[in-house]
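Listed below, chain by chain, are the residues.
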Amino acid sequence: MKNQQIDFSTNILQALLWRFNKAARLQSLLTAKQAWYDTNQTAFWSSWLTNIFDIRTANNFGCTVWAILLGVPITIIQTPDYLTKPVWGFGTYHRNFNRGNFAIQKTSAIPLTLEQKRLILQLRYAQLISRGTVTQTNALLKYIFNANGFPFAPYVLDGLDMTMKVVFPFAIPAALLLVLNNYDILPRPDGVKLDYVQLARPTFGFGSFHRNFNRGTFAS
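> Just checking my understanding: could you explain the packing of helix α3 (residues 114-129) against helix α4 (residues 134-147) for this structure?
Contact geometry for α3 and α4: axes closest at 11 Å, N-to-C directions at 160°. Taken together, the axes of α3 and α4 lie roughly antiparallel to each other. In the packing of α3 onto α4, the handedness of the crossing is right-handed. Facing L119, Q122, L123, A126 and I129 of α3, the residues of α4 in contact are Q136, L140, L141, I144 and F145. By residue class, the composition of the contact of α3 with α4 is 8 nonpolar, 2 polar and no charged.

What follows is the structure in structure tokens.
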């Protein structure tokens, strides 16, 4: 959960012997070299931890590196779907005019936000390290979604018939829904079918600080 604290600082002035205390030029050279190390050594590795190593704070380049390591794409590719359903349009002899729906006519890429990329990578990482138990999956989902600013965390229900259901106790935002519909990255055991639902209304319960107590109804 936490990165190891590493001291990247380099103090080359400690190599200056006492007999060179009055060597102004040598001290000037070492001071300039120390300033270079402070900028190109300490600052570089500190930013590397934040921008690349830590998935929670990685920038776009860091997310690209992690996507390669975890084997998950962070760009949604949409392929043409006019071959599988009727498309509204003005084709030859007005084919399908008023008898179809809008559709994608050519391959296109949907760019994801930085927050979406981080969420995808964290869920993919959890998927790889998870044992698939209900308790561990719930703990991972709580940690990931709370860290990404969601007010509540989803939780898993075991169907006891090789199925699992992830319950989102809030209306799923469009950005998250786009991820869920295009990626199979929610932690689950192999061979277990997983589905998700969202609770669009408050439910009765004894949550933290009696949240929703006497302000909702029973729900499944």
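> I keep staring at the sheet that holds strand β5 (residues 193-198) and nothing clicks. Help me out?
Note: strands within a sheet are paired through backbone hydrogen bonds, in either parallel or antiparallel orientation. Read across the sheet, 3 strands follow the order β3-β4-β5 without closing on themselves; strand pairing throughout is mixed. At either end of the open sheet lies a strand with only one pairing partner, and these are β3 (155-158) and β5. Looking at each pair of strands side by side, their axes are set apart by 25° on average, direction ignored. Where strand β4 (residues 163-168) and β5 come together, 6 bridges link them in parallel fashion.

> How should I be thinking about the packing of aromatic side chains in this particular structure?
Two aromatic rings, taken as a pair, are described by how far apart their centres are and by the angle between their planes. Taken as a whole and assessed by the stated rule, the structure comprises 6 aromatic pairs. With 5.9 Å between their ring centres and 75° between their planes, F145 and F168 make a pair best called edge-to-face. Taken together, the residues span a long stretch of sequence, with F145 in helix α4 and F168 in strand β4 at a distance of 23 residues. Side by side, F145 and F168 carry an identical accessibility label, which is buried. Over the face of the ring belonging to W36 we find K33, whose NZ or CZ atom lies 5.3 Å from the ring centre.

> Mind showing me how you'd approach the nonpolar core here?
Side chains that are nonpolar tend, in soluble globular proteins, to be buried together. L121, L123, F145, F168, L176 and Y183 are the most contacted members of the largest nonpolar core, which totals 34 residues. Sorting the residues of this core by element identifies α2 (60-70), α3, α4, β4 and α5 (174-182) as the ones contributing at least two each. Broken down by element, the residue count for this core peaks at 5 residues, all from α3. Sequence-distant contacts of F145, defined by excluding residues within four places in its chain, comprise L123, F150, F152, A153, P154, F168 and L176.

Analysis parameters
- For every chain, the first residue of the written sequence is number 1, and numbering continues from 1 onward in sequence order.
- Residue-level local features of this predicted model are given only where pLDDT is at least 70; pairs of side-chain atoms are given and counted only at 80 or more, and the full residue set underlies all totals for whole chains, interfaces and linings.
- Derived side-chain values reflect all non-hydrogen atoms in the structure, with water molecules and hydrogen atoms excluded from consideration.
- Helix axes are fitted only over the stretch in contact, all axes being lines through C-alpha atoms; the angle between N-to-C directions runs from 0 to 180 degrees.
- The way it works is that DSSP assigns letters per residue, a run of H or I at least four long becomes a helix, a run of E at least two long becomes a strand, and they are numbered from the N terminus.
- In these notes the angle categories are as follows: under 35 degrees is roughly parallel, over 145 is roughly antiparallel, 65 to 115 is roughly perpendicular, and the rest is oblique.
- Note on convention: the crossing is left-handed when the near helix lies turned anticlockwise from the far helix by less than a right angle, right-handed when the turn is clockwise.
- It only takes one pair of heavy atoms within 4.5 Å for two residues to be counted as in contact.
- All residues other than Ala, Val, Leu, Ile, Met, Phe, Trp, Tyr, Cys, Pro, Asp, Glu, Lys and Arg, Gly among them, are scored as polar; the first ten of these are nonpolar and the last four charged.
- Only strands that DSSP links by at least two bridges are regarded as paired with each other.
- The rule is short: rings of Phe, Tyr and Trp, with Trp giving its six-membered ring, pair when the centres are within 6.5 Å, and they are stacked under 30 degrees, edge-to-face over 60, tilted in between.
- Each residue gets one of three labels from its accessible area relative to the maximum for its type: buried under 20%, exposed over 50%, partly exposed in between, using a 1.4 Å probe on protein chains only.
- Placement of a positive charge over a ring is assigned whenever Lys NZ or Arg CZ falls within 6 Å of the ring centre and within 35 degrees of the normal to the ring plane.
- Within this scheme, the nonpolar core is defined by two criteria: the residues are buried Ala, Val, Leu, Ile, Met, Phe, Trp, Tyr or Cys, and they are joined through side-chain atoms within 4.5 Å.

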